[in-house]
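# Summary of structural features
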There are 2 protein chains.
Amino acid sequence: MHVMIIGAAGMVGRKLSERLVRDGGLGAKPVETMTLVDVITPEAPAGFDGRVVLEQADLSAAGEAERLINTRPDVIFHLAAIVSGEAERDFEKGYRINMDGMRFLLDAVRHAHDADRYYPRLVFTSSIAVFGAPLPYPISDDFHSTPLTSYGTQKAVCELLLSDYIRRGFLDGIGIRLPTICIRPGKPNAAASGFFSGILREPLVGQEAVLPVTDDIRHWHASPRSAVGFLIHGATMDLSQVGPRRALSMPGVSATVGEQIDALRRIAGDNAVKLIRREPDEMIMRMCAGWAPGFEARRARELGFTAESSFDEIIRVHIEDELGGKL
Amino acid sequence: MHVMIIGAAGMVGRKLSERLVRDGGLGAKPVETMTLVDVITPEAPAGFDGRVVLEQADLSAAGEAERLINTRPDVIFHLAAIVSGEAERDFEKGYRINMDGMRFLLDAVRHAHDADRYYPRLVFTSSIAVFGAPLPYPISDDFHSTPLTSYGTQKAVCELLLSDYIRRGFLDGIGIRLPTICIRPGKPNAAASGFFSGILREPLVGQEAVLPVTDDIRHWHASPRSAVGFLIHGATMDLSQVGPRRALSMPGVSATVGEQIDALRRIAGDNAVKLIRREPDEMIMRMCAGWAPGFEARRARELGFTAESSFDEIIRVHIEDELGGKL
């Protein structure tokens, strides 16, 4: 089969292509062709026997979606987006990349469907940012999307379009509302939510990390490995059970910052915990107060999506996948 | 002030402009200019002392939104849409008129805001079609939008855009999810929901009407007078109380078809009821089963929106407004 990953140069996109290589296919089917697309040319994953096509493309530029769809991929993972902060700073860019890009993709698929009955599966990554405060805990599957960022708005619009285009029979697919990915590998970044990973990632390798919020802040997490697992499951599951509501809140671990730190202590000891430096930041605390504390994710669990069941497990996954299995 | 009504030639648009004339203004403010816009040139309401501008314009055509916004209306009522059935038959037209039209309007306002701090109020008519089965009864204010029509999808997208553009400070405004309008004046139309009005409207003037569903079908109704009342209230209320969730399910009357008929009997007698001819239609029954049975509409009521409190009252409003006050 032919698998296309749009947004393949990002952290999740890279881990997804590596996983496809490791699995030797998608579900029971071998992957003959992998097309990796991003605004910067993605790197080919190591060790892949099939054909790799690397595409530098901006989905929101005229004709690009058609060009990509002309290759008729069987499965499309659409992970491309500009992040929340950038979508908030640059209003037009956010709508262009995060919303118009998706619509161009859907319309390119629709036109191909009209031309030759093309009927791919699209796995779209949405976000818990489609929810905006005040939020209950846990958030149920039928709670409304009232985003408080342009990014969340754009993702919520994409979810609506996805469900409608599927209902109309142009394609099949599913929308995956990713939890915050924790522990995000790599260097600290500028995202306001970066500390959720930083307070674990840095101490695990003996480095200091800054904690800008109080211990009682509760948030919703899943590992990069789980995120890739959601995407693979979305690409291989029986979609006939899903019905018309195609955007699903994924399972994850709801934890307070205090519970994160407790897990770190259990796994890496007090010396690791001592590397967390508390520097309260009023602005970050205000932002965090509006973030999703956790989800029931009942539908997703019933449909076979799985994540970690504790923060200890999230930390262990990081040690296995990023630190070679040892501290 | 300058009031613009986009979609002014429709039933609600006409009643709204007539009401503005009758009230002599909007809230406490006199209306000096009324711009009436539709794809067919609207008629000027009788008896208006101010200036009326009649515009034949398609909001989804290039440059039209800018042209309309160049006149800097203080309040914009956006009622223009193609209806559910047409949006389902003509996929591209539905998205163009119902979704792109709104986005062009919002972007024209945004550009005007950037140019000269223009900051109008936009009252947008949404629909209970943003909800899709299975639905609880009553539907709470925080129930999710999972439309089962392209029309409902387009309205749900517009609601998201409206809230985000307001949050970003480009304009102020509110989204009004209208109940099914009952009793809709005029001739029977082809809408699948037309019978809700027909089984009352026709018997009230001694004519036969067809009832294609069983008596237990429950749905959500408000009179044309209430619909106009919602719009006026949305245009005049203190929006600072509303917060960022700008799409509101309006109050209304939840009634089964049997309860509608009971109200008809109380007001017009058995002879009127006898004019209802039962011709069950499986397709219409299946469609009805997915429609919204009723709403809590708590936020809207708290914010001062009001509707009828019984079906008897809905029928009486029709007799007053359409039949000169007598049977």
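Residues numbered from 1 in each chain as written. Chains lettered and ligands numbered in written order. Predicted model: local features only at pLDDT ≥ 70, side-chain atom pairs only at ≥ 80, totals over all residues. Heavy atoms only, no water.

### Examining the relation of the copies chain B and chain A
- Overlaying chain B on chain A yields an RMSD of 0.0 Å, the required transformation being a rotation through 180° with an accompanying axial translation of 0.0 Å. Taken together, the turn and the small shift mark the pair as related by a two-fold rotation axis. Within chain B, the C-alpha atom positioned nearest to the axis of rotation is that of B:H144, 1.9 Å from it.
- A shared interface surface links the copies, since 100% of the contact residues of chain B are contact residues in chain A too. (Least-squares fit on C-alpha atoms with pLDDT ≥ 70 in both. Contact = heavy atoms within 4.5 Å.)

### Examining the sheet that holds strand 4 (residues 75-78) of chain A
All names here are of chain A.
- Ordered in space as 3-2-1-4-5-6-10, the 7 strands form an open sheet in which the pairing is parallel. The open sheet has two edge strands, strand 3 (51-56) and strand 10 (247-249), and neither has a second partner. Sheet twist, expressed as the average angle between the axes of neighbouring strands with direction ignored, equals 15°.
- In this sheet, strand 3 lies alongside strand 2 (residues 33-38) in parallel orientation, the contact comprising 6 bridges. Among the inter-strand pairings, M34 is bridged to a residue of strand 3, identified as V52.
- Where helix 5 (residues 150-167) meets the sheet, it contacts strand 5 (121-127), strand 6 (172-178) and strand 10, and its direction lies at approximately 155° from that of strand 5. (Pairing = 2+ DSSP bridges. Helix = DSSP H or I, 4+ residues; strand = E, 2+ residues; numbered from the N terminus. Axes fitted to C-alpha atoms, helices over the stretch in contact; angles between N-to-C directions.)

### Description of the interface of chain B and chain A
- Between chain B and chain A, the residue contacts involve 36 residues of the former and 36 residues of the latter.
- Summed over both sides, the interface between chain B and chain A buries roughly 3000 Å², with carbon and sulfur atoms accounting for 52% of that surface.
- The largest per-residue losses of area from chain B upon contact with chain A belong to B:F91, B:L160 and B:R245, which jointly make up 23% of the total buried on that side.
- Counting the contacts that link chain B with chain A gives 8 salt bridges.
- Residue B:D100 is joined to A:R103 by a salt bridge in which the shortest nitrogen-to-oxygen separation is 2.6 Å.
- Across the contact surface, chain B and chain A share 33 residue pairs in polar contact (both at pLDDT 80 or more).
- Broken down by secondary-structure element, the contributors of at least two residues to the side of chain B that touches chain A are helix 3 (84-89), helix 4 (91-116) and helix 5 (150-167) of chain B.
- Taken together, the residues of the side of chain B that touches chain A break down into 16 nonpolar, 8 polar and 12 charged. (Buried area = accessible area lost by both parts, 1.4 Å probe. Salt bridge = Lys/Arg side-chain N within 4 Å of Asp/Glu carboxyl O. Polar contact = N/O pair within 3.5 Å; in protein donor to acceptor, adjacent residues only side chain to side chain. Nonpolar A, V, L, I, M, F, W, Y, C, P; charged D, E, K, R; others polar.)

### Looking at the sheet that holds strand 2 (residues 33-38) of chain B
Residue and element names in this part refer to chain B.
- A sheet is described by the order of its strands in space; here 7 strands give the open sequence 3-2-1-4-5-6-10, paired in parallel fashion. A strand with exactly one partner marks an edge of an open sheet, and here the two such strands are strand 3 (51-56) and strand 10 (247-249). Recorded for the sheet is a direction-independent mean angle of 15° between the axes of neighbouring strands.
- Its contacts with the sheet place helix 1 (residues 11-23) against strand 1 (2-6), strand 2 and strand 4 (75-78), and it is angled at close to 165° to strand 1.
- This element, helix 5, spans strand 5 (121-127), strand 6 (172-178) and strand 10 of the sheet and lies at about 155° to strand 5.

### As for the packing of helix 4 (residues 91-116) of chain A against helix 5 of chain A
Residue and element names in this part refer to chain A.
- Two elements in contact, helix 4 and helix 5, have axes whose closest approach is 9 Å; the angle formed by their N-to-C orientations is 10°. Judged by the inter-axis angle, helix 4 sits roughly parallel to helix 5. Residues F91, G94, Y95, N98, M99, M102, R103, L106, D107 and R110 of helix 4 form the contact with helix 5, whose own contacting residues are S150, Y151, T153, Q154, V157, C158, L161, L162 and Y165.
- Within the contact of helix 4 with helix 5, the residues separate by chemical class into 11 nonpolar, 5 polar and 3 charged. (Parallel < 35°, antiparallel > 145°, perpendicular 65-115°, else oblique.)

### Points about the UniProt feature "domain: NAD-dependent epimerase/dehydratase" (unreviewed entry) in chain A
- Look at the UniProt record and you will see "domain: NAD-dependent epimerase/dehydratase" (unreviewed entry) annotated at residues 3-207 of chain A.
- Helix makes up 39% of residues 3-207 of chain A and strand 18%. Its end C-alpha atoms lie 39 Å apart. (UniProt positions renumbered as here; feature names shortened; annotations may be inferred.)

### With respect to the domain arrangement of chain A
All names here are of chain A.
- Partitioning chain A into domains gives domain 1 (2-179 + 223-249) and domain 2 (192-219 + 253-293 + 308-322).
- Of note, the centres of domain 1 and domain 2, computed from C-alpha atoms alone, are 28 Å apart.
- With 10 residues of domain 1 at the interface, the matching set in domain 2 holds 12 residues.
- For the pairing of domain 1 and domain 2, the buried interface totals around 900 Å² over both sides, and the portion due to carbon and sulfur atoms is 54%.
- Contact with domain 2 buries surface across domain 1, with Y137, S223 and R225 losing the most and accounting together for 53% of the total. (Domains from an automatic or database assignment.)

### Details of the packing of aromatic side chains
- Taken as a whole and judged by the stated rule, the model has 22 aromatic pairs over all chains.
- A centroid spacing of 4.2 Å and a plane angle of 35° characterise the contact between A:F195 and A:F196, whose relative ring orientation is tilted.
- Assessed through its relative accessible area of 6%, A:F195 is described here as buried.
- Since its relative accessible area comes to 1%, A:F196 is described here as buried.
- Ring centres of A:W220 and A:F295 lie 5.6 Å apart, and the angle between their planes is 55°; this geometry places the pair in the tilted category. Of this pair, A:W220 sits in strand 9 (residues 218-222) while A:F295 sits in the loop between helix 9 (282-289) and helix 10 (298-302), and the two are 75 residues apart along the sequence.
- For A:W220, a relative accessible area of 2% corresponds to the buried category.
- The exposure class assigned to A:F295 is buried, which follows from its relative accessible area of 5%.
- Here a set of aromatic residues connected by ring pairs shows up, and it is made of A:F91, A:Y95, B:Y165 and B:F170.
- Over the ring of B:Y118 we find B:R72, and its NZ or CZ is 5.1 Å from the ring centre. (Phe/Tyr/Trp six-rings, centres within 6.5 Å; stacked < 30°, edge-to-face > 60°. Buried < 20%, exposed > 50% of the residue type's maximum accessible area, 1.4 Å probe, protein only. Lys NZ or Arg CZ within 6 Å of the ring centre and 35° of its normal.)

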